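Here is what each chain is made of, one letter per residue.
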Amino acid sequence: MRPVDAGTLRASLLRWLLVPLSIVLLIDVVGSVVVARKLSDRVYDGELLEIARELALHVHAGATRTTFDLEKDAERTLLLDQYDRVDYAVRAGADTIAGDASIPPPVRNARSGPTFYDASLDGQSVRIVQIDGTPADASVTVAVAETRVKRHELANAIMLGVILPQLLLIVIAGLALWAGVARGLAPLANLQQAVAARSHVDLSPIEVPQVPAEVRPLLTSINDLMARLSEILAYQTRFIADAAHQLRTPVAGLKAHVEVALREDDPIKARQSIAHLYTAVERMSRLVAQLLSLARNEPTTVRHVELAPLDLSKLAFDVTMDWVPEAYRKDIDLGFEGVEPHVTIDGDAPRLTELINNLLDNAIRYSRDKGRVTVHVTAQPPRLSVSDDGPLIPVEERERIFERFHRLLGSHAGGSGLGLAIVQEIAKLHGATIDLVEDADGLGNTFTVTFPVHRKAVHANHPA
Ligand SMILES: Nc1ncnc2c1ncn2[C@@H]1O[C@H](COP(=O)(O)OP(=O)(O)O)[C@@H](O)[C@H]1O
Ligand SMILES: [Mg+2]
């Protein structure tokens, strides 16, 4: 799998933090604008209304018409404002009795009390209050308009007061995250350094102090892998040493045979030497084949065995038949006892063939002459056994003969001591168990390989 660059963890965490926070801030800004405007209106509307009420006091009802009298000085004092321009309009019906006729009337009057509304006057946005009816004349309206300068200022101050701290909060959160990630990932950097500093032959578990819980599984997996590698490395080192050691003796033997043959003047004796040489080469070729097979079937190094349903009875029968000539040569009664219907197991045919070959080779090789060797296959449980009536393998040797290169004292030359080790490896690859018992009559040995029950066979035996 090609690694995909996922960007830095820090960047993605920052994104996850800052994007939602910014959206919240944006919503907040919109809300604050509305609220700040309302608040500033509430603060200044009272003052505006006071001016309108003051103006209303200057409306007088006459016999023919209503008048408004306010001296210029008084008017200036009343409308004076540090920030804003204030205008007013006093109207009787559609007539403007005094003030600025261009102040727009409200679109809709308040149900009771004064009407506050926003409008635009001379291109400026203004806040207006209108009171309907004065103490002197109920049909007169007084409107006062004020530009929004101080209202804007107050609203801006309120908004800044709300938003600035939040903005600061986001910046601080971002910085804290930035620094926190660096601290949080420090153990990973330590782990990386620990792995990088490793020698390739040191496969002991990696120790990193203060590993956080999130990183521990990674460390555990790395150490598991180290342990498995170490096991395989140890196996292979041992195997190479063993193989070299085992090959040394036969190679020396070959050399000796060749030397003898070369020195021999008598052609007949030379031929004899070459015949010895041939036997020695044959034995060595068998040893090499067994070594290779052992290496090929070692469960820690085998990557994958393709197990397919196969007929154990048929396979065992075919392999047994291959041994008939050899049995005949040694006058051994080789028999097969199978069962019908056939026994299906999940297996690898070439490997199982090798397993049976090794058991039969031993049974025929170590059995007495004129002996009897029987291959037996049963269905429940799926089991293969090879029995002979040769000399008993002593109880204390029954485990050790499965070890590599282990042979019973006095066994014929010609063996390598690897056959049963290979048998055991192949059994393991099949999830099978192997047992060695003496025959019921106390004469001869029985090697039994018991296989796991084939999945389909389970269904067939126990219909749901
Ligand atoms: N059927 C048997 N009867 C008696 N001895 C056996 C039998 N099978 C194995 N052995 C003993 O176990 C030893 C190990 O067997 P094996 O691993 O096949 O190696 P090899 O046959 O090359 O010596 C043999 O040398 C032999 O001494
Ligand atoms: Mg053998």
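Residues numbered from 1 in each chain as written. Chains lettered and ligands numbered in written order. Predicted model: local features only at pLDDT ≥ 70, side-chain atom pairs only at ≥ 80, totals over all residues. Heavy atoms only, no water.

Around ligand 1, the surrounding shell holds 19 residues, and the nearest of these are N362, Y366, R407, S411 and S416. Within the side chain of N362, a nitrogen or oxygen atom sits 2.7 Å from an oxygen atom of ligand 1. Note that an oxygen atom of ligand 1 is positioned 2.8 Å from one of the backbone N or O atoms of G417. In the complex, 98% of the free accessible area of ligand 1, which totals 520 Å², lies under the protein chains. With respect to the pocket detection grid, ligand 1 is positioned in the largest pocket. Mapped by element, the contributors of at least two residues to the shell around ligand 1 are helix 8 (349-366), helix 9 (419-429) and strand 14 (445-450). (Near = heavy atom within 4 Å. Polar contact = N/O pair within 3.5 Å; in protein donor to acceptor, adjacent residues only side chain to side chain. Areas by Shrake-Rupley, 256 points an atom, 1.4 Å probe, with all protein chains shown as cover. 1 Å grid on protein atoms, 1.4 Å probe; cavity = no way out; pocket = protein on both sides within 12 Å on 5 of 7 lines; lining within 4 Å. Sits in = over half its atoms within 2 Å of the grid points. Helix = DSSP H or I, 4+ residues; strand = E, 2+ residues; numbered from the N terminus.)

Computed from the structure, the largest pocket encloses a volume of approximately 510 Å³. For the largest pocket, the lining is made up of 31 residues, of which N362, Y366, I393, L408 and S411 are closest to its centre. Breaking the lining of the largest pocket down by element, the ones donating at least two residues are helix 5 (267-297), helix 8, helix 9 and strand 14. Of the residues forming the lining of the largest pocket, the biggest block, seven residues, is contributed by helix 8. A per-class count over the lining of the largest pocket returns 12 nonpolar, 14 polar and five charged. Taken together, 18 residues form the lining of the second largest pocket, with Q246, P250, R283, L287 and G415 sitting closest to its centre. Counting only elements with at least two residues in the lining of the second largest pocket, the list comes to helix 4 (216-263) and helix 5. Partitioned by chemical class, the residues of the lining of the second largest pocket number six nonpolar, nine polar and three charged. Composition of the lining of the second largest pocket by domain shows at least three residues from each of domain 2 (216-297) and domain 3 (308-461). (Points joined across faces, edges and corners; volume = space filled by probe spheres on them. Nonpolar A, V, L, I, M, F, W, Y, C, P; charged D, E, K, R; others polar. Domains from an automatic or database assignment.)

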